[in-house]
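Close look at the chain arrangement
Letter by letter, the chains look like this.
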Amino acid sequence: MKKVIAIDGPAASGKSTVAKKVAGLLGGTFVSTGSLYRLIAYYLLSNNIDPESPVAVASALSDIKLTYRNGDWEMNGIHYTSELRQSEVGSTASVIAVYPAVRNFLLETQRNEARGEGLLVMEGRDIGSAIFPEAELKIFLTATPEERARRRLNDEKGGVFSKADLEKMAADIAERDWRDSHRETAPLKAADDARTVDNTNLSSDETSALIAEKFKELNLK
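Quick summary incoming for the structure in this document. Computed from a predicted structure; not experimentally measured. (Residues numbered from 1 in each chain as written. Predicted model: local features only at pLDDT ≥ 70, side-chain atom pairs only at ≥ 80, totals over all residues. Heavy atoms only, no water.)

**As for the overall build of the chain**
Short version of the rule: Secondary structure follows DSSP: runs of H or I at least 4 residues long count as helices, runs of E at least 2 residues long count as strands, and numbering of each begins at the N terminus. Exposure categories follow from relative accessible area, calculated using a 1.4 Å probe and restricted to protein chains: below 20% of the type maximum is buried, above 50% is exposed, and the middle band is partly exposed. Every residue pair with non-hydrogen atoms within 4.5 Å of one another is taken to be in contact. Each accessible area is a Shrake-Rupley result for a 1.4 Å probe, and residues are judged covered by the shown protein chains and nothing else. Working convention for charge: Lys and Arg count positive, Asp and Glu count negative, and His plus the chain ends are omitted. Where a charge sits is defined by one atom per residue type, namely NZ (Lys), CZ (Arg), CG (Asp) or CD (Glu).
In terms of regular secondary structure, the chain is built from 9 helices and 7 strands. The dimensions of the chain, computed from C-alpha atoms along their principal axes, are 50 × 45 × 30 Å. Within the chain, the fraction of its 221 residues that count as buried is 45%. At a minimum sequence separation of 6, the contacts of the chain that also span at least 24 residues come to 75%. Accessible surface, the chain: about 11000 Å² in total, of which carbon and sulfur atoms supply 48%. Considering the chain, the positive charge centre built from 29 side chains and the negative charge centre built from 33 side chains are found 3 Å apart.

Spelled out as structure tokens, the structure:
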């Protein structure tokens, strides 16, 4: 089994960017898991399957094959990018993330990436608490809703947005935080032994260097 750095945290906290940079600094393999739920959400929306129906969603899972290839996930042999950034896809992903059938479907998919030797840097919302509870290093990465909203809008609108846009995005993010942290199945929370890193005032490079240093301090052989 690979050594694991689990990076969890709420939406737009910079998990993917930071995890990728940490993997680069330490010579590890980076795996993002957030897109897994978005892929399933996109499949449901594209096939007119009601995401509010746990039974319909569970039935659809048998038609989905997820494969990690060339640094990203593919669904049924197809790589999706811009399609997954649609707001409806993100909202749907949050809805289906509460379903035990979805989380169980993805559990082994994620754990399979730890086979072999080396270091795995995986980010998501329950990596340290549910997927890899024995991870060598667990990080809970967070920032204020306002800062996360600013980052999301910078990505979506290239830095051109109004105060109203920022306020709405911050409210949407805060609502999603509440929903993710209060779901019955694998709620968003810091693992008991996770180290919380607030990167509101840190760049992605500074955050990545901090986490890489924490891992080096463990003196793992």
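Past the structure itself, the notes keep going.
**Section: the pattern of salt bridges**
For clarity, the cut-off: For this analysis, a salt bridge means a side-chain nitrogen from Lys or Arg found within 4 Å of a carboxyl oxygen belonging to Asp or Glu.
Scanning the model with the defined rule gives 12 salt bridges in all. A salt bridge links Asp 205 to Lys 21; the shortest N-O distance between them is 2.7 Å. Placement of Asp 205 in helix α9 (residues 204–216) and of Lys 21 in helix α1 (residues 15–26) is noted, with a sequence separation of 184 residues between them. For Glu 147, the salt bridge is made with Arg 151, and the minimal N-O distance between the two is 3.1 Å. Residue Glu 147 and its partner Arg 151 are both found in helix α7 (residues 145–157); the two are separated by 4 residues, about one turn of the helix. Owing to a relative accessible area of 17%, Glu 147 belongs among the buried residues under this scheme. One salt-bridge network, in which partners are shared between bridges, spans Arg 125, Arg 176 and Asp 180.

**Quick word on the nonpolar core**
Test applied: Only buried Ala, Val, Leu, Ile, Met, Phe, Trp, Tyr and Cys residues count toward a nonpolar core, and they belong to the same one when joined by side-chain atoms within 4.5 Å.
Grouped together as the largest cluster of nonpolar side chains are 51 residues, with contacts concentrated most on Ile 5, Ile 7, Val 102 and Phe 132. If one sorts the elements of this core by residue count, helix α2 (residues 34–46) sits on top with 8 residues. If we ignore the near neighbours within four places in the chain, the residues touching Phe 132 are Met 1, Val 4, Gln 110, Arg 111, Ala 114, Leu 120, Met 122, Ile 127 and Lys 138. Core analysis: the next-biggest nonpolar cluster, separate from the first, contains 7 residues, Ala 149, Leu 153, Ala 170 and Ile 173 among them.

**Some points on α2**
Put simply, the test is: Under the convention used throughout, the expected extent of a helix is 1.5 Å for every residue step, that is, one less than its residue count.
Between the first and last C-alpha of α2 there are 19 Å, a value that for 13 residues agrees with the 18 Å anticipated at 1.5 Å per step. Considered for burial, the residues of α2 that qualify are Ser 35, Leu 36, Tyr 37, Arg 38, Leu 39, Ile 40, Ala 41, Tyr 42, Tyr 43 and Leu 44.

**Some remarks on the side chain of Gln 110**
Tracing the backbone through its elements, the reader meets Gln 110 in helix α5 (residues 100–111). Residue Gln 110 is classed as buried on the basis of its relative accessible area of 1%. Sequence-distant contacts of Gln 110, that is, excluding residues within four places in its chain, are made with Thr 33, Leu 36, Tyr 37, Met 122, Ile 127, Ile 131 and Phe 132.

**Structural notes on unusual backbone geometry**
The backbone phi angle of Asn 48 is positive, close to 55°, even though this residue is not glycine. When its relative accessible area of 74% is taken as the criterion, Asn 48 is described as exposed. In this model, Asn 76 sits at a positive phi of 50°, which is unusual for a non-glycine residue. With relative accessibility at 37%, the residue Asn 76 sits in the partly exposed group.

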